[in-house]
Amino acid sequence: MINKLVEKIKKTNAPIVVGLDPMLDYVPEHIKKKAFEEHGETLEGAAEAIWQYNKGIVDTTYDIIPAVKPQIAMYEQFGIPGLEAYKKTVDYCKSKDLVVIGDVKRGDIGSTSAAYATAHLGKVKVGSKEYSLFDEDFATVNPYLGTDGIKPFLDECKKEKKGIFILVKTSNPSSGEFQDRIIDGKPLYEWVGEHVDKWGSEVMGDKYSYVGAVVGATYPKMGEVLRKVMPKSFILVPGYGAQGGTAEGLKPYFNEDGLGAIVNSSRGIICAYKNEHYKEFGELNYADASRKAVEDMIADINSIF
């Protein structure tokens, strides 16, 4: 799957991923109104609204982007109907030939970790049959429990030719409380990066590993170090735009060929119609505003090469 991601980035000339992280107050009123008329002000109504919202954005952007990244918590908050909307979103994006990065941030050990890996990347056996479940192409994984937590995901990556992105240096302000702690002369995030490189050597694509890393756009100096520590890992970069990351600050995350990183934007794209810069589109044309925001983001990032 890493080979497909690289090819899609080359084809679209867009090293970006759209974060499908819907909150109900992001959804335009006409979509909520229709969903509530059909299902009432219920969890099912909320789930239908966010599904239709996602579908509109995907329909107007799928031809110019390589990937999407739905954040599962935004769906879980609406219970089982929300998870059904998550699954619909994953399936629909795959039907549009988009690479799907499930932002699930799983991290556990033993049979629990194996169950998470099965749910998101693998297949579960029921009697004589096997079923794919959420069936994302990649999943985000928390490495805090060490190799015991990562190995079941590596096993699924090998079997299914899928991938993971491991949290190495996250974009949130308090990430340094743990991730920046100096251990034997190096910050913890650098130790984690070294493990990512080692784990990734077990599951290589043509040029890059199936094991990538999450490194926030808000820390470009650290990104520069980690790019060298993990030369074969693709870096998923959150924090661009709404969290303060800039295009110029992204340069260290990429290799000289313009590959090696994929930059996420969530609110900046899916809520573009609420942005003063795109207000002329209005709520009814929210998806067209998202497309314009994608085009602007692609131009901004490509300007650094």
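Quick look at the structure, then.

Burial runs high along strand S7 (residues 163-169): seven of the seven residues are buried. As paired strands, strand S6 (residues 138-141) and S7 are joined by four bridges and run parallel to one another. Directly across from Val141, in S7, lies its bridge partner Ile166. In this view, the connection linking S6 to its parallel neighbour S7 by way of helix H7 (residues 147-160) has right-handed handedness. Bridge count for S7 against strand S10 (residues 211-215) is five bridges, and the pairing is parallel. Among the inter-strand pairings, Ile164 is bridged to a residue of S10, identified as Val211.

Take the pairing of S6 next. Judged by which residues are buried, S6 turns out to be covered on both faces: Phe138 and Thr140 on one side and Ala139 and Val141 on the other are all buried. In this sheet, S6 lies alongside strand S3 (residues 99-106) in parallel orientation, the contact comprising three bridges. In the sheet register, Gly102 faces S6, and the bridge partner there is Ala139.

Overall, the coordinates contain 27 salt bridges when judged by the stated rule. For Glu76, the salt bridge goes to Arg106, with nearest N and O atoms at 3.4 Å. With Glu76 in helix H4 (residues 73-76) and Arg106 in strand S3, this residue pair connects regions lying 30 residues apart in the sequence. Note on Glu76: relative accessible area 36%, which makes it partly exposed. A salt bridge links Glu156 to Lys159; its shortest N-O distance comes to 3.5 Å. Here the residue Glu156 and the residue Lys159 both occupy positions in helix H7, the gap between them amounting to three residues, near one helical turn. By relative accessible area, which is 58% here, Lys159 ends up exposed. Here the residues in one salt-bridge network are Lys94, Asp135, Asp137 and Lys162, joined through shared partners.

Pairing in this closed barrel of eight strands is parallel, and the strands run S1-S2-S3-S6-S7-S10-S11-S12 around the ring. Lying over the sheet, helix H5 (residues 79-95) contacts strand S2 (67-68) and S3, oriented at roughly 150° with respect to S3.

With that out of the way, let us pick up helix H12 (residues 286-302). The terminal C-alpha atoms of H12, which comprises 17 residues, lie 25 Å apart, in line with the 24 Å expected from a rise of 1.5 Å per residue. The complete set of buried residues in H12 reads Tyr286, Ala287, Ala289, Ser290, Ala293, Val294, Met297, Ile298 and Ile301. For H12, the secondary structure elements touched by its buried residues are strand S1 (16-18), helix H2 (29-39), helix H3 (43-61), strand S12 (261-265) and helix H11 (267-270).

This brings us to a nonpolar patch on the surface. On the surface, a nonpolar cluster with roughly 340 Å² of combined accessible area is contributed by Ile109, Tyr144 and Leu145. Looking at the element boundaries, Leu145 is found in the loop between S6 and H7. Accessibility expressed as a relative area gives 42% for Leu145, which makes it partly exposed.

Before going further, it helps to spend a moment on the state of the cysteines. As enumerated under the stated definition, the model contains zero disulfides in all. You can see Cys271 has no disulfide; the closest cysteine sulfur is in Cys93, sitting 16 Å from it.

With that out of the way, let us pick up the side chain of Asn264. Counting through the fold element by element, Asn264 comes out in strand S12. On the accessibility criterion, Asn264 (6% relative accessible area) is buried. Within the structure, Asn264 has its side chain in polar contact with the backbone nitrogen of Gly19 (distance 3.3 Å). When sequence neighbours within four positions are dropped, the list of residues in contact with Asn264 reads Val17, Val18, Gly19, Lys69, Leu236, Val237, Pro238, Gly239, Tyr240 and Met297.

Each pair of aromatic rings is reported with the distance of its centres and the angle of its planes. The final tally for this structure, using the stated rule, is eight aromatic pairs. Ring geometry for Tyr53 against Tyr286: centres 5.3 Å apart, planes inclined by 25°, an arrangement best described as stacked. With Tyr53 in helix H3 and Tyr286 in helix H12, the pair connects residues that are 233 residues apart, well separated along the chain. For the pair Tyr53 and Tyr286, a shared accessibility class is recorded, and that class is buried. When the centroid spacing of 5.6 Å and the interplanar angle of 75° are considered together, the rings of Tyr86 and Phe134 count as edge-to-face. Of the two residues, Tyr86 sits in helix H5 while Phe134 sits in the loop between strand S5 (129-132) and S6, which places them 48 residues apart along the sequence. An aromatic cluster is defined as three or more aromatic residues linked by ring pairs; in this entry it consists of Tyr53, Tyr273 and Tyr286. Just above the ring of Tyr62 sits the side chain of Lys96; from NZ or CZ to the centre is 4.5 Å. Seen from the ring of Tyr219, Lys169 lies directly overhead, with NZ or CZ sitting 4.3 Å from the centre.

Quick notes on the rules
- Residues numbered from 1 in each chain as written.
- Predicted model: local features only at pLDDT ≥ 70, side-chain atom pairs only at ≥ 80, totals over all residues.
- Heavy atoms only, no water.
- Buried < 20%, exposed > 50% of the residue type's maximum accessible area, 1.4 Å probe, protein only.
- Helix = DSSP H or I, 4+ residues; strand = E, 2+ residues; numbered from the N terminus.
- Pairing = 2+ DSSP bridges.
- Right-handed = clockwise from strand over helix to strand, strands pointing away.
- Salt bridge = Lys/Arg side-chain N within 4 Å of Asp/Glu carboxyl O.
- Contact = heavy atoms within 4.5 Å.
- Axes fitted to C-alpha atoms, helices over the stretch in contact; angles between N-to-C directions.
- Expected span 1.5 Å × (residues − 1).
- Patch = residues over 30% accessible without salt bridge, like charges linked within 9 Å, V, L, I, M, F, W, Y side chains within 5 Å.
- Areas by Shrake-Rupley, 256 points an atom, 1.4 Å probe, with all protein chains shown as cover.
- Disulfide = S-S within 2.5 Å.
- Polar contact = N/O pair within 3.5 Å; in protein donor to acceptor, adjacent residues only side chain to side chain.
- Phe/Tyr/Trp six-rings, centres within 6.5 Å; stacked < 30°, edge-to-face > 60°.
- Lys NZ or Arg CZ within 6 Å of the ring centre and 35° of its normal.

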